[in-house]
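Single-letter residue listing:
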Amino acid sequence: MCGIVGYIGPRACAPLLIDGLRKLEYRGYDSAGLAVIDTSPTALGEPPKLGVVRSVGKLGKLDDAIRERPLPGNIGIGHTRWATHGRPTEGNAHPHLVGDVAVVHNGILENHVELRNELVALGRKFLSETDTEIAAHLIDIELANGAPTLLEATKLALSRVRGAYAIAAVSRREPDVIVVAKSFSPLVLGIGDGEVFAASDVPALIQHTRDVIFLEDGDICELRAGAVKIERLLVHGDGSPERITVTPVVRHPRRIDWSPAQAEKQGYKHFMLKEIFEQPTALENTLRGRVSLDDGDINSGEIGLSPEIARSIRRVVLLACGTSHHAAIAGRNWIESVAKVPATVELASEFRYRDAIIGEGDLVIAVSQSGETADTLAAVRDAKRQGAHILAVANVVGSAIPRVADASLYTHAGPEIGVASTKAFTTQLSALLMFAVWLGRRRETLGEDRAKQILQRAIELPTAMREVLDLADACQKIARRQIVATEANHCLFLGRGLSYPIALEGALKLKEISYVHAEGYAAGEMKHGPIALIDAAMPVVVVAPKDHHYEKIASNVQEVRAREGRVIAVVPKGDTTIAELAQDVIEIPDVDPELTPFITVIPLQLIAYHAADLKGTDVDQPRNLAKTVTVE
Ligand code: G6P
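Everything numeric in this text was worked out from a predicted model, so none of it was measured. In every chain, residue numbers begin from 1 and rise along the written sequence. Local features in this predicted model are restricted to residues of pLDDT 70 or higher, and side-chain atom pairs are both shown and tallied only at a pLDDT of 80 or more, whereas totals for entire chains, interfaces and linings draw on every residue. Note that the side-chain values use all heavy atoms of the structure and ignore hydrogens as well as water.

Draft legend 1. The arrangement of the overall build of the chain in detail. The helix count covers DSSP runs of H or I at least four residues long, the strand count covers runs of E at least two residues long, and both are numbered beginning at the N terminus. For the chain, the helix and strand inventory stands at 20 helices and 27 strands. Here the chain has a C-alpha radius of gyration of 26 Å; the compact-globule value for 632 residues is 26 Å, and the two agree. With respect to the three principal axes, the spread of C-alpha positions in the chain is 90 × 55 × 45 Å. Counting all 632 residues of the chain, 60% fall into the buried class. Long-range pairs, those at least 24 residues apart, make up 71% of the contacts in the chain between residues at least 6 apart in sequence. If you sum the accessible surface of the chain, you get close to 24,300 Å²; carbon and sulfur atoms cover 49% of it. The chain carries 69 positive and 81 negative side-chain charges, and their two centres are separated by 2 Å. For the radius of gyration, the atom set is restricted to C-alpha positions; the globular benchmark scales as 2.2 Å times the number of residues to the power 0.38. For every residue, the accessible area obtained with a 1.4 Å probe (protein chains only) is divided by the maximum for its type, and the residue is called buried under 20%, exposed over 50%, and partly exposed between those limits. Residues are treated as being in contact if the distance between any of their heavy atoms lies within 4.5 Å. To be clear on the numbers: accessible area is Shrake-Rupley with a 1.4 Å probe, and residue cover counts the displayed protein chains and nothing else. His is not counted, nor are the chain ends; Lys and Arg add positive charge and Asp and Glu add negative charge. Here the site of a charge means atom NZ of a Lys, CZ of an Arg, CG of an Asp or CD of a Glu.

Draft legend 2. Up close: the packing of aromatic side chains. Under the pairing criterion, centres of Phe, Tyr and Trp rings, with the six-membered ring standing for Trp, must be within 6.5 Å; the plane angle then separates stacked pairs below 30 degrees from edge-to-face pairs above 60, leaving the rest tilted. Applying the stated criterion across every chain yields a total of four aromatic pairs. In our convention, an over-ring charge means Lys NZ or Arg CZ found within 6 Å of a ring centre and within 35 degrees of that ring's normal. The positively charged end of Arg116 is found above the aromatic ring belonging to Phe126, 4.3 Å away from the centroid.

Draft legend 3. Region of interest: the nonpolar core. Within the largest apolar cluster, 91 residues are counted, with the highest numbers of intra-cluster contacts made by Ile365 and Phe435. No fewer than three residues from each of domain 2 (265-458) and domain 3 (472-615) sit in this core. Aside from chain neighbours lying at most four places away, what touches Ile365 is Val316, Val317, Leu318, Leu319, Ile335, Leu391, Val393, Leu432 and Phe435. What is meant by a nonpolar core is a set of buried Ala, Val, Leu, Ile, Met, Phe, Trp, Tyr and Cys residues, joined one to another through side-chain atoms within 4.5 Å. Core analysis: the next-biggest nonpolar cluster, separate from the first, contains 30 residues, Leu115, Ala136, Ala181 and Ile220 among them. Domains are outlined according to an automatic or database domain assignment.

Draft legend 4. Structural context of the domain arrangement of the chain. What the domain assignment reports for the chain is domain 1 (3-262), domain 2 (265-458) and domain 3 (472-615). Each of domain 1 and domain 2 was reduced to a C-alpha centroid, and the two centroids are 33 Å apart. Taken together, the 18 residues of domain 1 in the interface contact 16 residues of domain 2. The term buried area refers to how much accessible surface (probe radius 1.4 Å) is lost by two components on association, counted for both of them together. Here domain 1 and domain 2 share an interface that buries about 1,500 Å² over both sides, 62% of which is from carbon and sulfur atoms. Should a side-chain nitrogen of Lys or Arg be within 4 Å of a carboxyl oxygen of Asp or Glu, the pair is scored as a salt bridge. In this structure, the connection of domain 1 to domain 2 is made through one salt bridge. Residue Glu110 is joined to Arg288 by a salt bridge in which the shortest nitrogen-to-oxygen separation is 3.8 Å. Within 3.5 Å is the distance limit for a polar contact, defined as a pair of N or O atoms, with the added protein rule that one can donate a hydrogen and the other accept it, and that residues adjacent in sequence qualify only through two side-chain atoms. Across the domain 1-domain 2 interface, the total number found is one residue pair in polar contact (both at pLDDT 80 or more). A breakdown of the residues in the side of domain 1 that touches domain 2 according to their chemical character gives ten nonpolar, four polar and four charged. Three classes are used, and their members are as follows: Ala, Val, Leu, Ile, Met, Phe, Trp, Tyr, Cys and Pro are nonpolar, Asp, Glu, Lys and Arg are charged, and the others, Gly among them, are polar.

Draft legend 5. Structural context of helix H16 (residues 448-469). The span you would expect from a helix comes to 1.5 Å times its residue count less one. For H16, built from 22 residues, the straight-helix expectation of 32 Å at 1.5 Å per residue is met to within 8% by its first-to-last C-alpha distance of 32 Å. Note that the bend at a residue is defined as the angle between axes fitted to the seven residues ending at it and the seven residues starting at it. Glu460 marks the point of greatest bend in H16, at about 40°, and the proline Pro462 comes within the next four residues. Residues of H16 that are buried: Ala451, Ile454, Leu455, Ala458, Leu461, Pro462, Ala464, Met465, Val468 and Leu469.

Draft legend 6. The packing of helix H11 (residues 322-337) against helix H18 (residues 499-514), seen in detail. An axis is simply a line fitted to the C-alpha atoms; with a helix, the fit covers only the stretch in contact. Between two such axes, the angle follows the N-to-C directions and lies from 0 to 180 degrees. Running from amino to carboxyl end, H11 crosses H18 at an angle of 165°, the nearest separation of the two axes being 9 Å. If you check the angle between H11 and H18, you find them roughly antiparallel. For the element pair H11 and H18, the recorded crossing hand is left-handed. Counting all contacts with H11, which are made through Gly322, Thr323, His326, Ile329 and Ala330, the residues of H18 involved are Pro501, Leu504, Glu505, Leu508 and Lys509. Across the contact of H11 with H18, the residue classes tally to five nonpolar, three polar and two charged. In this scheme, roughly parallel covers angles under 35 degrees and roughly antiparallel covers those over 145, while 65 to 115 is roughly perpendicular and the rest are oblique. Note on convention: near helix rotated counterclockwise from far helix by under a right angle means a left-handed crossing. Clockwise means right-handed.

Draft legend 7. How the structure looks around the sheet that holds strand S23 (residues 490-495). A pair of strands counts as paired when DSSP detects no fewer than two bridges linking them. The sheet built from five strands is open, its strands ordered S24-S23-S25-S26-S27 with parallel pairing. Looking along the sheet, the strands with just one partner apiece sit at the ends: strand S24 (517-522) and strand S27 (584-588). In this sheet, neighbouring strand axes are inclined to one another by 15° on average, regardless of whether the strands run parallel or antiparallel. With three bridges joining them, S23 and strand S25 (residues 539-543) adopt parallel strand pairing. Paired with Leu492 across the strands is Val540, a residue of S25. Sheet strands in contact with helix H17 (residues 472-484) are S25, strand S26 (566-572) and S27, and its direction is about 155° off that of S27.

Draft legend 8. Layout of the site of the ligand. Each residue is tested against the molecule or strand, and it is near if at least one of its non-hydrogen atoms lies within 4 Å. Not every one of the 13 residues close to the ligand is listed here, only the nearest: Ser324, Ser368, Gln369, Ser370 and Thr373. A distance of 3.0 Å is found between an oxygen atom of the ligand and a backbone nitrogen or oxygen belonging to Thr323. In the environment of the ligand, an oxygen atom lies 2.6 Å from a nitrogen or oxygen atom belonging to the side chain of Ser368. Protein contact buries 91% of the 390 Å² of open area that the ligand shows by itself. With three residues, the top contributor of residues to the shell around the ligand is H11.

Structural data, given as structure tokens:
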């Protein structure tokens with residue numbers, strides 16, 4: 001997830017672009033850059049200058065660099081990066097300049113390996129590890145082959161790429177034009193008086209204009225000061241010119257009445273709520289380009305470990321802290337149930353201080369959103385020293401844990417701003433599920449048919465997640481009635497099997513943001529202690545999807561009710577057995593029993609969010625907590 005901006009009009013564009021990028025920093029902040037065309041007179045026959053400045057780190061660094069090397073001109077594009085392909089270095093920062101063309105891009109080009117090989121064979125030299133540079137080369141090639149304009153060259157170039165993009169390109173040969181295009185990644189145009197803005201999101205332009213056009217997938221546009229031409233690009237087959245259909249489209253601007261502050265959260269009250277709602281898209285991004293339904297497999301290049309390692313390891317050990325530890329518990333279950341490989345899961349903060357037996361033949365999977373958690377990093381270093389193979393499942397590209405690891409599987413959730421982790425969790429689940437499928441296929445413990453079935457259902461999950469997100473109002477009512485109105489000080493969360501880590505996660509969410517003491521418990525353990533706490537004042541959240549634990553957990557619900565506990569149950573659609581016993585019921589859509597955690601966690605996130613919001617706590621920055629814990 002990155003942010004892009006563009007400006008064409010009468011004003012000096014560098015400060016406008018930097019200001020726009022600042023509003024998009026929530027989309028990524030590991031490096032940034034601008035490309036600006038300077039149209040002041042040049043020597044006869046010389047095209048205008050195209051200046052590019054890039055820097056690693058937050059936007060302040062780019063600001064400093066531009067103060068040293070100003071970028072005069074009033075046509076330009078900019079980018080703030082959240083690394084996906086290639087580390088956060090200056091060379092990998094956008095814009096990418098090839099010949100006379102500069103390009104910025106947000107998204108992932110799925111066929112980047114194939115295209116890069118093809119371009120290298122043509123003698124093209126790459127200066128970065130990014131997929132974006134490929135797009136810049138493709139445009140440059142089309143111009144060299146006679147495409148008459150930047151717009152035409154970009155159409156032909158885009159007909160070669162597969163994947164997600166919001167892209168902006170400028171060329172010093174056409175100093176009065178910006179070309180932008182969108183497929184899956186967001187892109188919005190701002191229409192001003194004699195000027196046009198482009199941006200990944202409304203906050204970047206709302207200070208300048210409230211008249212915006214939300215582009216749709218397939219749109220490609222030529223922007224000039226005061227004029228916008230939009231076409232729809234349809235690609236058939238191999239992308240040769242006759243395989244492209246282009247139709248002009250008219251999109252009328254809409255007037256936005258958000259305040260700039262509201263716009264940053266896209267109208268959501270808190271980042272946490274926005275991130276809860278981003279989960280279906282985040283999951284799509286994690287799966288994109290990695291899953292092959294044709295042969296029921298995961299692209300090995302994405303996992304980064306050799307098939308020999310997959311076949312030779314004796315055990316998988318998952319290490320993590322906090323929410324990532326809960327994802328790791330589900331991952332452990334999948335590695336055993338899907339891949340049939342022995343697996344254990346450990347809190348990194350415990351593992352590193354005991355004399356754990358680990359070494360050759362073990363694969364350690366370190367799960368970490370930030371990739372920087374001190375305890376996880378130290379545990380990974382120890383395990384590596386003792387000869388274990390290391391795979392990082394991380395969200396922040398180029399962070400410390402992936403750097404230590406032998407291979408990294410990134411979750412592509414985009415930056416998570418709310419301290420309470422939500423979309424990072426569900427994308428970690430999907431990375432771990434993909435790993436289990438990959439491992440099972442390499443070891444031939446998972447058949448092709450079952451693999452296809454799991455992956456097909458995984459691809460359908462975003463739709464089911466959106467259905468559950470529609471229950472947000474119901475979750476708010478439950479939070480009000482069961483937790484806030486009753487001034488509950490304690491809450492119990494119960495689950496079995498794959499719902500056990502979800503019970504842990506639901507309890508963690510509630511306690512960290514609403515400050516209500518909450519405990520997650522394996523439902524089968526309730527009789528060994530927590531049952532003593534149950535009375536009419538105790539809300540008990542029961543996670544009971546349709547799987548082989550359903551009947552057992554139904555008995556636990558009976559036990560809670562017999563002691564007058566108040567039951568809030570997450571149950572399959574149409575359920576009556578548990579529903580009849582519960583005070584409040586949340587019905588979830590039918591999904592594969594292996595995939596229930598993706599769905600059951602959402603109502604728990606929403607209940608925690610609304611309980612905290614109704615209590616008026618600082619939801620995005622709860623007291624005493626930090627997003628990244630780099631202390632031991
Ligand atoms: C902190 C954060 C949690 C996170 C945990 C582990 O406690 O507040 O949201 O789950 O650290 O962080 P990691 O970055 O390693 O996933």
